[in-house]
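Architecture at a glance
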Amino acid sequence: AQSVTQLDSQVPVFEEAPVELRCNYSSSVSVYLFWYVQYPNQGLQLLLKYLSGSTLVKGINGFEAEFNKSQTSFHLRKPSVHISDTAEYFCAVSEIQGGSEKLVFGKGTKLTVNP
Amino acid sequence: NAGVTQTPKFRILKIGQSMTLQCTQDMNHNYMYWYRQDPGMGLKLIYYSVGAGITDKGEVPNGYNVSRSTTEDFPLRLELAAPSQTSVYFCASSPTLDEQYFGPGTRLTVT
């Protein structure tokens, strides 16, 4: 069964600084990978996803992530953050195997952007 | 499109009471899911459905039941509520293995 580890539970950064949120996964089969964002008191919305093809994936709000199969990682990056990026970010993995349509989520990383 | 809607937004239950959390999607998605979110624990899958009439257990199904009589609706039933079921509940839907679309959540407190 797949699992997801988000290495940092909280990441504080200053506005306009770069940020990287780390995500590692384990699975014995091929996977799809996702990053979701949750703003306070809201549901989750998709930031970006890797299904196949280029390992560098660009998402909304200037975020990008790189799939590294050898390191089983899918780290999320943004070169310059804004106050409005303050939110909780979840990495998720879905195994590509017959009949399995389930996402497994990491525990989340709270990003706080300070002025 | 309203997307995924959930009712109620908030609810307080007494121990031992029952309730149904409603979830409706208007995107004609086959797959629907119920998650619970507890602080610092991410989201845990309770039940899921791959189509009308088909449901299956997720990671934490105990104390819950679901049904899927139509493509649009996927209600979650809590029988004999317990304090351990205090959580935020999210419903989601998906057309395939691709991204899931989440509702706004139901915040449930059991006292």
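The structure contained in this document is the topic of the report that follows.

Procedures and definitions
Residues numbered from 1 in each chain as written. Chains lettered and ligands numbered in written order. Predicted model: local features only at pLDDT ≥ 70, side-chain atom pairs only at ≥ 80, totals over all residues. Heavy atoms only, no water. Helix = DSSP H or I, 4+ residues; strand = E, 2+ residues; numbered from the N terminus. Rg over C-alpha atoms; globule rule 2.2 N^0.38 Å. Buried < 20%, exposed > 50% of the residue type's maximum accessible area, 1.4 Å probe, protein only. Contact = heavy atoms within 4.5 Å. Pairing = 2+ DSSP bridges. Axes fitted to C-alpha atoms, helices over the stretch in contact; angles between N-to-C directions. Phe/Tyr/Trp six-rings, centres within 6.5 Å; stacked < 30°, edge-to-face > 60°. Lys NZ or Arg CZ within 6 Å of the ring centre and 35° of its normal. Buried area = accessible area lost by both parts, 1.4 Å probe. Salt bridge = Lys/Arg side-chain N within 4 Å of Asp/Glu carboxyl O. Polar contact = N/O pair within 3.5 Å; in protein donor to acceptor, adjacent residues only side chain to side chain. Nonpolar A, V, L, I, M, F, W, Y, C, P; charged D, E, K, R; others polar. Disulfide = S-S within 2.5 Å. Core = buried A, V, L, I, M, F, W, Y, C linked by side-chain atoms within 4.5 Å.

Secondary structure summary: chain B contains zero helices and eleven strands in total. Ordered by position in the sequence, the α and β elements of chain B form the string β-β-β-β-β-β-β-β-β-β-β. Here the C-alpha radius of gyration of chain B, 13 Å, is about what a compact globule of 111 residues would show, namely 13 Å. Counting only residues that meet the buried cut, chain B has 46% of its 111 residues in that class. In chain B, the share of contacts with a sequence separation of at least 24, taken over all contacts with a separation of at least 6, comes to 53%.

The next point concerns the sheet that holds strand β1 (residues 4-7) of chain B. Residue and element names in this part refer to chain B. Ordered by their spatial adjacency, four strands build an open sheet running β1-β3-β8-β7, and the pairing between neighbours is antiparallel. Because the sheet does not close on itself, it has two edges, and the strands there are β1 and β7 (64-66). Each strand axis lies, on average, 20° off the axis of its neighbour in the sheet, ignoring direction. Relative to strand β8 (residues 76-78), strand β3 (residues 19-25) is paired through three bridges, and the arrangement is antiparallel. Looking at β8, one finds that Met19 is bridged to Leu78.

This next bit is on the packing of aromatic side chains. Aromatic ring pairs: the centre-centre distance and the angle between the two ring planes describe each pair. What the rule picks out here adds up to twelve aromatic pairs over all chains. The interplanar angle of 80° and the centroid separation of 5.5 Å between the aromatic rings of Tyr36(A) and Phe102(B) together place this pair among those described as edge-to-face. Separated into two different chains, Tyr36(A) in strand β5 (residues 31-38) and Phe102(B) in strand β10 (residues 101-102) make up a pair that spans both. These aromatic residues form a ring-pair network of at least three members: Phe34(A), Tyr36(A), Phe105(A), Tyr33(B), Tyr35(B), Tyr48(B) and Phe102(B). Looking at Arg68(B), its charged tip hangs above the ring of Phe74(B), at a distance of 6.0 Å from the centre.

Turning our attention to the interface of chain B and chain A. At the junction of the two partners, chain B supplies 20 residues and chain A supplies 21 residues. Buried surface at the junction of chain B and chain A, summed over both partners, amounts to about 1,700 Å²; 58% is from carbon and sulfur atoms. As a salt-bridge pair, Glu99(B) and Lys49(A) come within 4.0 Å of each other at their nearest N and O atoms. The interface formed by chain B and chain A contains three residue pairs in polar contact (both at pLDDT 80 or more). At the level of elements, β4 (31-37) and β5 (43-51) of chain B are the ones that each hand at least two residues to the side of chain B that touches chain A. Residue classes in the side of chain B that touches chain A are distributed as twelve nonpolar, five polar and three charged.

Let us look at the state of the cysteines. Tallying each qualifying case throughout the model produces two disulfides over all chains. Through a disulfide, Cys23(A) is tied to Cys91(A); the S-S separation comes to 2.0 Å. Every disulfide takes its handedness from the sign of the S-S torsion; for Cys23(A) and Cys91(A) that torsion is -65°, giving left-handed. Of this pair, Cys23(A) sits in strand β4 (residues 23-26) while Cys91(A) sits in strand β10 (residues 87-95), and the two are 68 residues apart along the sequence. We classify Cys91(A) as buried; its relative accessible area is 0%. Sulfur-sulfur distance for the disulfide between Cys23(B) and Cys91(B) comes to 1.8 Å.

On to the nonpolar core, then. Leu33(A), Trp35(A), Leu47(A), Leu48(A), Phe74(A), Leu76(A) and Tyr89(A) are the most contacted members of the largest nonpolar core, which totals 28 residues. Contacts of Leu33(A), omitting those with residues within four sequence positions, involve Tyr25(A), Leu48(A), Lys49(A), Tyr50(A), Phe67(A), Phe74(A), Ala92(A) and Val93(A).

Our next topic: the pattern of salt bridges. The final tally for this structure, using the stated rule, is nine salt bridges over all chains. Across the pair Arg22(A) and Asp8(A) runs a salt bridge whose closest N-O atoms are separated by 3.0 Å. In this pair, Arg22(A) is assigned in the loop between β3 (19-21) and β4 and Asp8(A) in the loop between β1 (3-6) and β2 (10-14), connecting sequence segments 14 residues apart. Linking Arg36(B) and Asp38(B) is a salt bridge whose minimum nitrogen-to-oxygen distance equals 3.0 Å. Judged by relative accessible area, which is 11%, Arg36(B) ranks as buried. One continuous salt-bridge network, built from bridges that share partners, spans Glu20(A), Glu66(A) and Arg77(A).

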